[in-house]
Amino acid sequence: MSKSMPAALALAQPEKPARRQGMTPGVLALYCLVAIALLLAVSLPFATDYVGSDNDDTMRLVVVRDLLGGQSWFDTTQYRLGLDGGTLMHWSRFIDLPIANLISFFSLFTQERQAEAIALAVWPALTVVPVLAGMGLAAWRLGGKAAMHATLVLTTVFVVALNRFQPGSIDHHNVQLAIIACIAAMLLDPRMRARDHAVAGMLAGLAIAIGVETTPLIGAVCLIVALRWAWHGRAFRDAAAAFGLALASTITLAFFSTVAPSRYTQVTCDSLSYGFYALATLGGGTLFLTASLASGRSFGGRLLALAGAGAAIAASVLVIAPGCLANPLDALDPLLKAFWLAGVIEAQSAVAQFKLDPGSVGSFYAPSLLAMLACLWRIRRRQAAEGHLIVLGLLATAFAVSLFQIRGAIFANMLSALPLGLAITDLRRKANSDPKNLGAGLAFIGVTLASVPATWALAGALLPGRSQDTLRTGLSTPQVARPSCTAAASIAPLAAEPAGVVAGASNLGAAILRHTGHRVLSAPYHRNQGGMLTELHIGLSSPQQAEAFLRGAHVTLLAFCNDDAQTRDIAKAEPGGLYADLLKGRVPAYLEPIAGTEDAVLRLYRVKPE
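Note that this is a predicted model, so its numbers are computed, not measured.

Across its full length, the chain holds 27 helices and seven strands. For the chain, whose C-alpha radius of gyration is 26 Å, the value lies close to the compact-globule estimate of 25 Å for 610 residues. Dimensions along the principal axes, computed over C-alpha positions, put the chain at roughly 85 × 60 × 50 Å. Taken across its 610 residues, the chain has 53% of its residues classed as buried. Put simply, 71% of the contacts in the chain that link residues at least 6 apart link residues at least 24 apart. Just so you have it, the chain exposes about 26400 Å², and 64% of that area is on carbon and sulfur atoms. Of the charged side chains in the chain, 46 are positive and 37 negative, and the gap between their average positions amounts to 14 Å.

Let us look at the packing of aromatic side chains. Inspection of every chain in the model, using the stated rule, returns 12 aromatic pairs. Relative to Y277, the ring of F256 has its centre 5.6 Å away and its plane inclined at 75°; by these criteria the two rings are edge-to-face. Of this pair, F256 sits in helix 10 (residues 237-258) while Y277 sits in helix 11 (residues 274-294), and the two are 21 residues apart along the sequence. For Y277, a relative accessible area of 15% puts it in the buried group. By the ring-pair criterion, three or more aromatic residues cluster together here, those being F255, F256, Y264 and Y277.

What tends to happen in soluble globular proteins is that the nonpolar side chains get buried as a cluster. Residues L177, M414 and L418 are the most contacted members of the largest nonpolar core, which totals 115 residues. Tallying contributions element by element places helix 5 (residues 112-143) first for this core, with 13 residues. Those residues in contact with L177 that lie beyond four places of it in its chain are V131, F158, L162, F165, I410, F411 and M414. Grouped together as the second largest cluster of nonpolar side chains are 29 residues, L341, L536, I570 and Y605 included.

In spatial order, the strands read 4-3-5-7-6; together these five strands make up an open sheet with mixed pairing. Single-partner strands in this sheet number two, and they are strand 4 (519-520) and strand 6 (591-593). The sheet contact formed by strand 5 (residues 557-561) and strand 7 (residues 602-607) spans five bridges and is antiparallel. Residue pairing in the sheet places A559 in a bridge with L604 of strand 7.

To continue, consider unusual backbone geometry. A positive phi angle, near 45°, is found at A384, a position not held by glycine. Mapped onto the fold, A384 is located in the loop between helix 15 (361-380) and helix 16 (385-404). For A384, a relative accessible area of 14% puts it in the buried group. Not every positive phi belongs to a glycine, and H554 is a case in point at roughly 60°. As for its position among the elements, H554 is in the loop between helix 25 (543-552) and strand 5. On the accessibility criterion, H554 (48% relative accessible area) is partly exposed.

Attention now goes to the state of the cysteines. Here a disulfide denotes one covalent bond, and it connects the sulfur atoms of two cysteines. This structure, assessed with the given rule, holds two disulfides. Across the disulfide from C269 sits C324; the S-S distance is 2.0 Å. One quick way to see it: the torsion about the S-S bond of C269 and C324 is about -85°, and its sign makes the bridge left-handed. On the criterion of sequence distance, the pair formed by C269 in the loop between helix 10 and helix 11 and C324 in the loop between helix 12 (299-320) and helix 13 (334-339) is long-range, its members being 55 residues apart. In this structure C269 comes out as partly exposed when scored by relative accessible area, which is 21%. Judged by its relative accessible area of 25%, C324 falls in the partly exposed class. Across the disulfide from C485 sits C561; the S-S distance is 2.0 Å. Taking the sign of the S-S torsion, about 85° here, the bridge from C485 to C561 comes out right-handed.

With that settled, consider the pairing of strand 5. Of all five residues making up strand 5, five are buried, and the element is well covered by its neighbours. Of the two faces of strand 5, both are covered, the one formed by L557, A559 and C561 as well as the one formed by L558 and F560. Across two bridges, strand 3 (residues 501-503) lies against strand 5 in parallel orientation. Across the sheet, residue A503 finds its bridge partner in strand 5, namely L558.

With that settled, consider the environment of A450. Tracing the sequence through the fold places A450 in helix 19 (residues 438-450). Assessed through its relative accessible area of 15%, A450 is described here as buried. Sequence separation between A450 and A366 is 84 residues; the distance between their C-alpha atoms is 7.7 Å. Contact partners of A450, with chain neighbours within four places excluded, come to P367, L370 and W456.

What follows deals with the pattern of salt bridges. Evaluation of the coordinates by the stated rule reveals 23 salt bridges. Across the pair E497 and R606 runs a salt bridge whose closest N-O atoms are separated by 2.8 Å. In this pair, E497 sits in the loop between helix 22 (488-495) and strand 3 while R606 sits in strand 7, placing the two residues 109 residues apart along the sequence. R551 serves as the salt-bridge partner of E547, at 3.0 Å between the closest nitrogen and oxygen. Residue E547 and its partner R551 are both found in helix 25; the two are separated by four residues, about one turn of the helix. Residue E547 is classed as partly exposed on the basis of its relative accessible area, which comes to 26%. Put simply, R141, D189, R193, R195 and D196 are held in one network by salt bridges that share partners.

Procedures and definitions
Residues numbered from 1 in each chain as written. Predicted model: local features only at pLDDT ≥ 70, side-chain atom pairs only at ≥ 80, totals over all residues. Heavy atoms only, no water. Helix = DSSP H or I, 4+ residues; strand = E, 2+ residues; numbered from the N terminus. Rg over C-alpha atoms; globule rule 2.2 N^0.38 Å. Buried < 20%, exposed > 50% of the residue type's maximum accessible area, 1.4 Å probe, protein only. Contact = heavy atoms within 4.5 Å. Areas by Shrake-Rupley, 256 points an atom, 1.4 Å probe, with all protein chains shown as cover. Lys, Arg positive; Asp, Glu negative; His and termini not counted. Charge placed at Lys NZ, Arg CZ, Asp CG, Glu CD. Phe/Tyr/Trp six-rings, centres within 6.5 Å; stacked < 30°, edge-to-face > 60°. Core = buried A, V, L, I, M, F, W, Y, C linked by side-chain atoms within 4.5 Å. Pairing = 2+ DSSP bridges. Disulfide = S-S within 2.5 Å. Salt bridge = Lys/Arg side-chain N within 4 Å of Asp/Glu carboxyl O.

See below:
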């Protein structure tokens with residue numbers, strides 16, 4: 001640590017005895033067992049399937065099955081999705097691999113479907129461990145033992161309330177949360193060791209390889225490391241150099257181990273490609289060289305060296321991947337924005353979500369706002385100021401992303417447990433020291449409740465809107481359980497048909513791929529614009545025009561779900577379209593109802609030969 005740095009600005013440094021009593025394997029195991037037990041208790045009794053409710057969970061299983069079935073490691077094309085030729089998916093094999101290995105392992109002892117069910121329950125539970133380990137260690141380093149326990153309680157509640165850790169949730173968001181939690185713990189190392197920052201660099205490279213959702217946060221991490229080097233100089237040289245070298249090395253290994261040689265020169269903005277590889281390697285390498293060569297300079301000299309490195313990296317972005325400065329979803333066709341993206345909650349901005357459901361906004365933004373205020377208060381009082389500056393930088397980045405896309409809120413809500421856990425600890429200590437002080441007790445209870453996103457969700461349900469409607473629906477006694485269009489039983493008649501091409505709403509696509517051998521035109525993935533647009537035109541066009549689209553795309557079967565929101569939106573937008581006619585029971589002559597599905601929730605039609 002720099003000698004010139006005031007002690008009040010340093011990270012919290014617990015005494016050695018506290019270290020032995022703090023983040024021990026036993027403490028971590030206890031919290032993990034409690035969190036996993038609660039997850040199973042709140043999810044398994046109500047589970048109707050072993051795959052998560054998100055389309056991405058189902059599609060991930062389809063991709064993993066293809067990998068186990070012999071599809072090349074380097075080939076991530078989903079050949080049964082979209083128009084002829086399939087759709088090149090943007091997901092990472094680093095998530096496919098452990099899930100595939102778990103399925104293969106459990107297949108040694110049981111049938112294939114049972115092995116899938118066990119693997120899909122085990123994998124999300126395993127990701128709970130690094131989340132709690134990272135958050136617990138980060139909190140202990142920030143505020144000591146008591147803060148660690150408070151943060152672990154908040155994180156446990158967060159994990160249990162978030163559906164990304166429930167059995168069947170095999171999308172990559174739980175892994176991304178684990179990575180960010182562990183990076184925060186490494187950055188908060190009070191000794192500023194090269195070892196911890198090398199781990200942070202490796203995790204940063206892995207995060208970029210797994211998905212672009214965390215790219216802004218990883219950019220913030222790199223900036224934090226660079227600015228700390230500029231501030232500390234020689235004392236932070238080894239840490240900064242280790243981080244930069246580890247980042248460059250990890251992203252290089254990830255690129256050459258997952259990207260096919262034929263795509264080495266391609267630049268894509270939604271997955272690991274030459275663009276992210278080149279920029280991350282350049283950034284990590286530049287930080288390594290700058291820290292190694294310029295640490296002996298004055299503070300002003302270090303800032304100047306850092307500014308020069310930053311300018312070089314910025315210029316490289318403009319040369320290598322200028323298109324990646326924009327949101328990849330901005331290039332979507334207006335039809336897809338209107339009939340698909342507008343209904344994806346995690347892609348909504350804060351303003352759009354407030355208009356749609358004002359009651360839900362608190363759960364997305366309130367805890368992180370409170371956490372940032374707590375960080376500013378600590379910084380102003382110079383209490384572990386540098387540690388709170390680090391957390392504030394991560395929180396502010398996640399919060400800014402969430403203003404444009406709500407998907408960033410899960411990272412902000414998780415990280416908010418760090419400063420809020422410490423705040424709860426202090427308020428509890430104050431309330432216990434003066435039991436007659438009613439204000440202190442109320443402050444402790446109020447901040448504790450306000451730190452939990454679920455509290456804001458319940459409070460928001462008291463306001464008129466979708467949240468209130470959802471709560472009322474959940475509390476009301478269901479009359480007759482109506483089967484889902486994506487349930488295996490609903491799709492079974494479709495699976496019995498000869499393999500062909502299915503047209504249907506995008507929310508049906510992943511389930512049809514899972515339960516049948518058909519190819520589907522549409523599933524909710526932005527790289528499948530051709531297939532999704534074709535399906536939209538089929539539904540919006542008059543029955544006569546729709547026939548041309550069906551035959552042009554070689555569609556042999558049409559799956560029609562009365563309950564699908566997108567289907568109803570299309571019918572409402574175009575009352576003279578095919579979907580509107582089918583909702584009214586008018587079936588054109590070129591469609592033949594499949595026997596037994598006329599009154600089913602998922603109505604099926606064969607497209608008659610010309």
